Amino acid sequence: MPLPDTSLSLLSRLRDDGDHTGWQVSWKRFHGLYHGPLMAMAAGIYRHHTGNAVPPQEAIEDVVATVILDFLKRDRFDPKRGRLRTYLRVLTNARIVDMLRKEKPLDHDSIDAGEEMAEPLPAESPEEERSFQQALLATLIEDLREQIPLRQFEIFEMVKLKGISPDAAAAELGVNRGVIDNTIYKVMVRLREIAATPEYEEEYEKPSF
Amino acid sequence: MKNPLFKPTEEKLSPREEAEITQELAAAYRQHELGEKRPEFRRIVENVEKQLLHIRSKENRQ
């Protein structure tokens, strides 16, 4: 199987090109990475439109499933035109508004189908922001996994992601400690190079140093 | 969140920044693994698969 493109660029091209297996792998991968932010987004937007009502879990799950399908079917996300998180928020907001309009629940008096629904996107909640940043880092790790030799990733995963000490990793893998240190250094350089690509820079607000 | 991982590559990272990056990466990795084990994760996958099957059968009928 050929190595896939980087995740963020892959996300811009998720669609069925006749290769159904590849397509399903792609959307599941997308779901794996962005499940957390989508749930947080949907819950936050629901609260915004309902005067802080508790989001019903099942309805939020339905919205997230529909947003994923929208994302696949529309095939309109272009990283050059904006951030993925904004695009997903627009889709999520539209689906929440649709759902509330259909339901018109009695206990949601604050919902005004005319005016309130026409409001722009609500502000991003801290939970959503945090969840999205974690998804982006998980995407970065996925990209890294695809771009370096398996052995290097294994060492990186043990030491940096699972918190195994370099000495213990060296003993487990039967290599010198120097091999571990050298590999970690090389992988961190590669990781920073991937993070510096325009797609990531645009998604991730640049830190001000 | 300010993560020094996204600092320009030509700039050297301090030991504190390296530790911060490691902490954030490990947290994202754990969160990602945990997320896939949550029940709603599986329910959403089933929901999307059901709808995809529906779309496909509709496309095949046309």
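Structure's up top.
Residues numbered from 1 in each chain as written. Chains lettered and ligands numbered in written order. Predicted model: local features only at pLDDT ≥ 70, side-chain atom pairs only at ≥ 80, totals over all residues.

## A word on the overall build of chain A
Each helix and strand in chain A was counted, giving 9 helices and 0 strands. Walking chain A from its N terminus toward its C terminus, one meets helices and strands in the order α-α-α-α-α-α-α-α-α. Residue burial in chain A is summarised as follows: out of 209 residues, 35% are buried. Summarising the internal contacts of chain A: among those between residues at least 6 apart in sequence, 72% fall at separations of at least 24. (Helix = DSSP H or I, 4+ residues; strand = E, 2+ residues; numbered from the N terminus. Buried ≥ 20, exposed ≤ 12 C-beta atoms within 10 Å, placed from the backbone. Contact = placed C-beta atoms within 7 Å.)

## Points about the overall build of chain B
Looking only at helices and strands, one finds 2 helices and 0 strands in chain B. Taken over the C-alpha trace, chain B has a radius of gyration of 21 Å; the compact-globule value for 62 residues is 11 Å, which it surpasses by more than 25%. When its C-alpha atoms are laid out on the principal axes, chain B stretches across 60 × 25 × 15 Å. Going through the 62 residues of chain B one by one, you find that 18% of them count as buried. (Rg over C-alpha atoms; globule rule 2.2 N^0.38 Å.)

## Points about the interface of chain A and chain B
Between chain A and chain B, the residue contacts involve 31 residues of the former and 27 residues of the latter. Taken together, the elements giving at least two residues each to the side of chain A that touches chain B come down to helix 2 (20-49), helix 3 (57-74), helix 5 (126-147), helix 6 (150-161) and helix 8 (177-195) of chain A.

## Quick word on the nonpolar core
If you look at the biggest cluster of nonpolar residues, it comprises 54 residues, and the most contacted ones within it are Leu38, Ala42, Val64, Val67 and Leu140 of chain A. Taken domain by domain, the makeup of this core includes at least three residues from each of domain 1 (1-126) and domain 2 (148-209) of chain A. (Core = buried A, V, L, I, M, F, W, Y, C linked by C-beta atoms within 7 Å. Domains from an automatic or database assignment.)

So far we have only geometry, and geometry alone does not tell us how the molecule works.
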